Amino acid sequence: MSENKKLLVDCMTFEVTPEQVNESMKEHNGKLVVSGVLQRANAKNQNGRIYPRDVLVREAKKYAGVQIKERRALGELDHPDSSVVNLNNVSHNVRSMSWNGDDLVGVVEVLSTPAGNILKELFKNNIRLGISSRGLGSVEPVNEDGFSGDTVAVQDDFELIAFDFVSNPSTHGAFLSPVNESAGQQNHLPKYHKVNQIINDIIAGE
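The rules behind these values
Residues numbered from 1 in each chain as written. Predicted model: local features only at pLDDT ≥ 70, side-chain atom pairs only at ≥ 80, totals over all residues. Heavy atoms only, no water. Axes fitted to C-alpha atoms, helices over the stretch in contact; angles between N-to-C directions. Helix = DSSP H or I, 4+ residues; strand = E, 2+ residues; numbered from the N terminus. Parallel < 35°, antiparallel > 145°, perpendicular 65-115°, else oblique. Contact = heavy atoms within 4.5 Å. Nonpolar A, V, L, I, M, F, W, Y, C, P; charged D, E, K, R; others polar. Salt bridge = Lys/Arg side-chain N within 4 Å of Asp/Glu carboxyl O. Buried < 20%, exposed > 50% of the residue type's maximum accessible area, 1.4 Å probe, protein only. Polar contact = N/O pair within 3.5 Å; in protein donor to acceptor, adjacent residues only side chain to side chain. Pairing = 2+ DSSP bridges. Arc of directions from axis to C-beta.

How would you summarise the packing of helix H1 (residues 18-27) against helix H3 (residues 114-124) if you had to cite specific residues and measurements?
Across the interface, H1 lies against H3 with an axial gap of 7 Å and an inter-helix angle of 130°. Taken together, H1 and H3 sit at an angle that is classed as oblique. Only Lys 120, Phe 123 and Lys 124 of H3 make contact with H1, whose side of the interface consists of Pro 18, Val 21 and Met 25. Residue composition of the contact of H1 with H3, grouped by class: four nonpolar, no polar and two charged.

Structure, rendered in structure tokens:
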């Protein structure tokens, strides 16, 4: 393992509407299933990192062949400062992944766990969240045309751990949406201050 290897987290913005949530749950027997871009290769994100396509292809294949195949591609609600998925905070499970150009697209099922119920209620209240990759790896500066500033490339020692839902999306242009046949137009997004109230209401049983 490289001495420079560290925990790397990078987010993709996604949004769903309450109407889309309801349609998805109707079509999946009460389960909420969302679909969208999980990670993007060969593009600089807001953290200044570039994930080479060959590295992501390799890790996605390993993840699909083990975690997804065995139905343990679990993720948490909010990023922990750990390389281990904490079962007490699991909110969802990745069902499948595929490539669309340089976009790694996934289908994600929200689970009926305490964290999953909070996640579902956030979706129902039209709260903007992010899907975020978590992995271990090192980075090196990039000196190539088209990339400037403090740009770094994720190295070949990268290991994908999980995809988590977070409140601080950091990458432009990618949105997850519920898997249904009648997805409508996205609504305007509410303020982040609603999040704490929603969580408090869930805990209080309201």
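The structure having been displayed, the exposition proceeds.
Run through the pattern of salt bridges, naming residues and quoting values.
Overall, the coordinates contain 14 salt bridges when judged by the stated rule. The shortest N-O distance in the salt bridge between Lys 5 and Glu 159 comes to 2.4 Å. Linking Lys 5 in the segment before strand E1 (6-14) with Glu 159 in strand E10 (residues 159-166), this pair joins segments that are 154 residues apart in sequence. Using a relative accessible area of 16% as the deciding quantity, one classes Lys 5 as buried. Where Glu 70 meets Arg 72, a salt bridge forms, and the shortest distance between an N and an O atom there is 2.6 Å. Classification of Glu 70 as partly exposed rests on a relative accessible area of 47%. Using a relative accessible area of 43% as the deciding quantity, one classes Arg 72 as partly exposed. Connected via shared salt-bridge partners are Lys 31, Arg 71, Arg 95 and Glu 109.

Break down the side chain of Lys 5 for me, citing the residues and quoting the values.
For Lys 5, the side chain forms a polar contact with the main-chain oxygen of Asp 157, separated by 3.0 Å. At a separation of 2.4 Å, a polar atom in the side chain of Lys 5 contacts the side chain of Glu 159. Every residue in contact with Lys 5, bar those within four places of it in the chain, is listed here: Leu 136, Gly 137, Ser 138, Asp 157 and Glu 159.

Explain the sheet that holds strand E3 (residues 49-50) residue by residue, including any values.
What the three strands build is an open sheet, ordered E3-E9-E8; its pairing is mixed. Each edge of the sheet is formed by a strand with only one pairing partner; in this case those strands are E3 and strand E8 (139-141).

So what about the environment of Val 33? Which residues, and what values?
Looking at the element boundaries, Val 33 is found in strand E2 (residues 32-40). Between the C-alpha atoms of Val 33 and Arg 95, which are 62 residues apart in sequence, the distance is 9.1 Å.

Lay out the environment of Asn 126 in plain terms, naming residues and giving numbers.
Note on placement: Asn 126 falls in the loop between H3 and strand E7 (129-137). Separated by 105 residues in the primary sequence, Asn 126 and Val 21 place their C-alpha atoms 9.4 Å from one another.

Go over the sheet that holds E7, please, and point to the residues and values.
Strand order in the open sheet formed by three strands is E1-E7-E10, and the pairing between neighbours is antiparallel. Only two strands of the sheet have a single neighbouring strand rather than two, namely E1 and E10. Averaged over all adjacent pairs, the angle separating strand axes in this sheet is 20°, with direction ignored. Examined bridge by bridge, E7 and E10 share seven bridges and lie antiparallel to one another.

Describe in detail helix H2 (residues 53-68), supporting the description with residues and values.
Each α-helix turn comprises 3.6 residues. Residues three or four places apart therefore point the same way. Taken residue by residue, H2 has Val 55, Leu 56, Glu 59, Ala 60, Tyr 63, Gln 67 and Ile 68 as its buried positions. For H2, the buried positions fall inside an angular range of 120° around the axis, keeping them on one side. Of the exposed residues in H2, those oriented more than 90 degrees away from the buried face are Asp 54 and Lys 61. Residues of H2 that are buried make contact with E2, strand E4 (74-76), strand E5 (90-100), strand E6 (103-110) and E10.

Lay out the pairing of E2 in plain terms, naming residues and giving numbers.
Of all nine residues that make up E2, eight are buried, and the element is covered over most of its length. Relative to E6, E2 runs antiparallel, the two sharing eight bridges. Among the inter-strand pairings, Val 33 is bridged to a residue of E6, identified as Glu 109.

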